[in-house]
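Structural description and commentary
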Amino acid sequence: MDFLHRHIEALIFCAPEPLTVTEIVKCLSEMFEAEVPIDHVEAAIYDLRKKYNQDDFSFALEHLGGGYQFLTKPAYQTSISILLRQQSQKRLSSAQLETLSIIAYKQPITKGEVEQIRGVNSDYSIQKLLEKELIEIKGKSEGVGKPLIYGTSQKFMEYFGINSIQDLPQPKDFSQPENQIGEEKD
């Protein structure tokens, strides 16, 4: 039944959340077009847990939240923390930063309103900001088509080191004297 182990391993590996024995049995039964006994699945999971608890692996098959999930072992926490910190510090593109600033200052705001201000399509920037969890969907507008409304997230606050939206610099703080017409008189 080695093939059963590999299928279970693949299912657990690709699942974004802990996978229950019932979900595994249901999936395998549909795939094999035959009922897979729950005790076979439980025995395979036992074998896999034993296999991944060995020191040869940096991760283990853990039972949590009523299901099973692969998790890295605590000994590797430091290196993983460094990687995650480095990845979270990756710079935003100018389009993403522009979109993010519009959302931060005008929230709650729809994608259409962001595009109207920017003058270009903002699908990609909004998608990337959602993936980086700097913005989040706050609900739906009452307007035509009920478009999604976006706003900044808690991660946005952490990323920019502020405690609230009121801590953002105000437009008057961005005065650019070179863009003014005429001479300043004292």
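As a reminder, the structure under discussion sits directly above these lines.
Residues numbered from 1 in each chain as written. Predicted model: local features only at pLDDT ≥ 70, side-chain atom pairs only at ≥ 80, totals over all residues. Heavy atoms only, no water.

1. Some words on unusual backbone geometry
- Following Gln107, the chain continues into Pro108 via a peptide bond in cis, with omega recorded as -5°.
- Within the secondary structure layout, Pro108 lies in the loop between helix H5 (94–106) and strand E3 (109–110).
- Phi at Glu133 is positive, roughly 60°, even though this residue is not glycine.
- As for its placement among the helices and strands, Glu133 is situated in the loop between helix H7 (123–131) and strand E4 (135–140).
- Take Glu133: its relative accessible area is 46%, and that puts it in the partly exposed class.
- Positioned with a positive phi, Lys146 is a non-glycine residue whose angle comes to about 45°.
- Structurally, Lys146 can be placed in the loop between E4 and strand E5 (148–152). (Helix = DSSP H or I, 4+ residues; strand = E, 2+ residues; numbered from the N terminus. Buried < 20%, exposed > 50% of the residue type's maximum accessible area, 1.4 Å probe, protein only.)

2. Topic: the packing of helix H1 (residues 2–14) against helix H2 (residues 21–32)
- Axis separation between H1 and H2 bottoms out at 11 Å; the angle between their running directions is 120°. Taken together, the axis directions place H1 and H2 in an arrangement best described as oblique. Considering how the two elements wind past one another, H1 and H2 form a crossing that is right-handed. Here Phe3, Leu4, His7, Ile8, Leu11 and Ile12 of H1 come into contact with H2, specifically with Ile24, Cys27, Leu28, Met31 and Phe32.
- Taken together, the residues of the contact of H1 with H2 sort by class into ten nonpolar, one polar and no charged. (Axes fitted to C-alpha atoms, helices over the stretch in contact; angles between N-to-C directions. Parallel < 35°, antiparallel > 145°, perpendicular 65-115°, else oblique. Left-handed = near helix turned anticlockwise from the far one by under 90°. Contact = heavy atoms within 4.5 Å. Nonpolar A, V, L, I, M, F, W, Y, C, P; charged D, E, K, R; others polar.)

3. Regarding the pairing of E5
- The buried fraction of E5 is high, at four of five residues.
- Across two bridges, E3 lies against E5 in antiparallel orientation. Looking at the pairing, Thr110 lines up with Ile149 of E5.
- Note: E4 against E5, five bridges, orientation antiparallel. Across the sheet, the residue bridging to Lys140 is Leu148, located in E5. (Pairing = 2+ DSSP bridges.)

4. A word on the nonpolar core
- In terms of nonpolar packing, the biggest core is built from 19 residues, with Ile8, Ile12, Ile24, Leu28, Val41, Ile45 and Leu61 touching the most fellow members.
- Those elements that provide at least two residues to this core are H1, H2, helix H3 (38–52) and strand E2 (67–72).
- The element contributing the most residues to this core is H3, with five residues.
- The residues touching Leu28, leaving out its near neighbours within four places in the chain, are Leu4, His7, Ile8, Leu11, Val36 and Val41.
- By size, the runner-up hydrophobic cluster in this structure holds 16 residues, among which are Ile102, Ala104, Leu134 and Ile135. (Core = buried A, V, L, I, M, F, W, Y, C linked by side-chain atoms within 4.5 Å.)

5. Some points on a nonpolar patch on the surface
- Judged by side-chain polarity, Leu97, Tyr159 and Phe160 come together as a nonpolar surface patch covering roughly 250 Å² of accessible area.
- Secondary-structure assignment places Phe160 in helix H8 (residues 154–160). (Patch = residues over 30% accessible without salt bridge, like charges linked within 9 Å, V, L, I, M, F, W, Y side chains within 5 Å. Areas by Shrake-Rupley, 256 points an atom, 1.4 Å probe, with all protein chains shown as cover. Salt bridge = Lys/Arg side-chain N within 4 Å of Asp/Glu carboxyl O.)

6. Let's talk about the pairing of E2
- Taken together, the six bridges between strand E1 (residues 59–64) and E2 define a ladder with antiparallel strand orientation. Each bridged residue has a counterpart across the sheet, and for Glu62 the counterpart in E2 is Gln69.
- Connecting E1 to the antiparallel partner E2 that follows it, the hairpin turn spans two residues, and Gly65 within it adopts a positive phi of roughly 55°.

7. Focus: the pattern of salt bridges
- Summed over all chains, the structure comprises eight salt bridges.
- A salt bridge links Glu9 to Lys51; the nearest nitrogen and oxygen atoms lie 3.4 Å apart. Placement of Glu9 in helix H1 and of Lys51 in helix H3 is noted, with a sequence separation of 42 residues between them.
- Each of the salt bridges in this network shares a partner with another, and the network as a whole consists of Lys111, Glu115 and Asp123.

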